[in-house]
Amino acid sequence: MSAAQVPNDGPSGLLLVDKPEAMTSHDVVDAVRRLLGTRRVGHTGTLDPAATGLLVLCIGRAGRLQSFLMCFDKSYEGTMKFGVETNTYAREGPPVGAAHPDARPDPGALGAACGRYVGEFEQAPPPFSAKKIGGKKFYEFARRGEAVPHLPKKVRVTRFDTLSVEGDVARFHVDCSSGTYIRSLAHDVGRELGLGAHLASLRRTRIGPFSLENARTLPALGELAPEARTSAPSWIPLSEVPLPFPAVTLLPGEAAKVRRGHAVPVRVPPEANGAPWVRLVSSGDLVALGHLEPLGRGALALVKPKIVLQD
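Residues numbered from 1 in each chain as written. Predicted model: local features only at pLDDT ≥ 70, side-chain atom pairs only at ≥ 80, totals over all residues. Heavy atoms only, no water.

1. Observations concerning the overall build of the chain
Scanning the chain from N- to C-terminus turns up six helices and 19 strands. Considering the chain as a whole, with its 311 residues, one finds that 44% of them fall into the buried category. Looking at the chain alone, contacts between residues at least 24 apart form 69% of all its contacts between residues at least 6 apart. Accessible area of the chain: about 14,700 Å², with a carbon and sulfur share of 53%. (Helix = DSSP H or I, 4+ residues; strand = E, 2+ residues; numbered from the N terminus. Buried < 20%, exposed > 50% of the residue type's maximum accessible area, 1.4 Å probe, protein only. Contact = heavy atoms within 4.5 Å. Areas by Shrake-Rupley, 256 points an atom, 1.4 Å probe, with all protein chains shown as cover.)

Listed below in structure tokens is the structure:
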């Protein structure tokens, strides 16, 4: 990425929103644009319309940080219903095949089946998903009755626990890597138990360091005065975004040059040696993200701003 100046117009930071059921993630983005009076709103990972829970939105200049926030691990709670498979692996899809006559899972067998999906493994996206190949989404192939490409990718599940079982419905909790399909987990567990299953409900509770507990619903945001819509706990200003990069402190003159996209020599703190990215900070504000280029064998380096966040 090249160093580019970004106009300082409108609010800039992260907004944590509790997405309701039946809205798309893009619907939420549009609603927040109206509430905050800015077009510069993006998200860091969608939720299916039927799912609810945490969306982390990048507002204003925070949009330049979007790529760094897409790969955080995520946590979910939800329910899977046994006895019926669907073509989407979720409740919105039509049933596939006959219903199982007794779909009540044994809690012990269910826990063991979930446990077998803890770890790293290859997971193929569901046929009805927005995964793309050659510019076409998987669900476009599936809707036309065409073969959907088999493109498994490595995912990681660190926790997959059954919380309760009532009849043919089980509540669960999952901690997983970004890009894991929870409805595929439900489908695969149902297959493994010989009962069939689909995802009945899903709620995202965490994205990396961001928690649903700090999110606001759209109605709650709308009830606030306009100036209060960018307030804690659902609002995180640029200077407080928890990026996993060491900080390099700039003097005021150095910060002025970095804001114009110029490289400057700096003294490198020990924790920044070898870091792929550094945060360039001045007076407590995040000025830019950049790379370090060592100068000789000493503690000095040339810092090159790549993403400028202040003008």
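That covers the picture; the talk isn't over yet.
2. Details of the pairing of strand 19 (residues 300–308)
Here strand 16 (residues 264–267) runs beside strand 19; their pairing, made up of four bridges, is antiparallel. Of the residues in strand 19, the one forming a bridge with Arg267 is Leu300. Pairing analysis gives seven bridges linking strand 18 (residues 285–294) to strand 19, with the strands arranged antiparallel. Paired with Glu293 across the strands is Leu302, a residue of strand 19. (Pairing = 2+ DSSP bridges.)

3. With respect to helix 2 (residues 107–115)
All buried positions along helix 2 are accounted for by Leu110, Ala113 and Cys114. Each buried residue of helix 2 lies within a common arc of 100 degrees when the element is viewed along its axis, so the set occupies one face. Lining the buried residues of helix 2 we find strand 4 (74–82), strand 10 (153–166), strand 11 (169–176) and helix 4 (182–193). For helix 2, the N-terminal cap is Asp106; the gap from its side-chain oxygen to the backbone nitrogen of Gly108 is 3.1 Å. (Arc of directions from axis to C-beta. Polar contact = N/O pair within 3.5 Å; in protein donor to acceptor, adjacent residues only side chain to side chain.)

4. Some points on the nonpolar core
Counting residues in each nonpolar core, the largest one holds 41 residues, and the members touching the most others are Val32, Leu57, Met80 and Phe160. Of all the elements, helix 1 (residues 25–36) adds the most residues to this core, at five residues. Apart from residues lying up to four places away in sequence, Leu57 is in contact with Gly13, Leu14, Leu15, Val17, Val28, Val29, Val32, Val41, Gly42 and His43. Judged by nonpolar contacts, the second largest core, of 25 residues, contains Leu16, Val56, Leu238 and Leu286. (Core = buried A, V, L, I, M, F, W, Y, C linked by side-chain atoms within 4.5 Å.)

5. What to know about unusual backbone geometry
Residue Pro233 is reached from Ala232 by a cis peptide bond, and omega for that bond is 5 degrees. Tracing the chain through its elements places Pro233 in the loop between helix 5 (218–223) and strand 14 (235–237). Backbone geometry at Ala22 places phi at a positive 80 degrees, although glycine is not the residue there. Within the secondary structure, Ala22 sits in the loop between strand 1 (13–19) and helix 1. For Ala22, a relative accessible area of 63% puts it in the exposed group. Within the chain, Ser283 stands out as a residue other than glycine whose phi angle is a positive 55 degrees.

6. Considerations on the environment of Leu15
Checked against the element boundaries, Leu15 lands in strand 1. Spatially, the C-alpha atoms of Leu15 and Ser231 are 9.1 Å apart, while their sequence positions differ by 216 residues.

7. Some words on the pairing of strand 4
Where burial is concerned, most of strand 4 is hidden: seven out of the nine residues are buried. Note: strand 4 against strand 11, eight bridges, orientation antiparallel. The residue of strand 11 that forms the bridge with Glu77 is His173. Relative to strand 12 (residues 197–207), strand 4 runs antiparallel, the two sharing nine bridges. Bridge pairing in strand 12 links Gly78 to Leu202.

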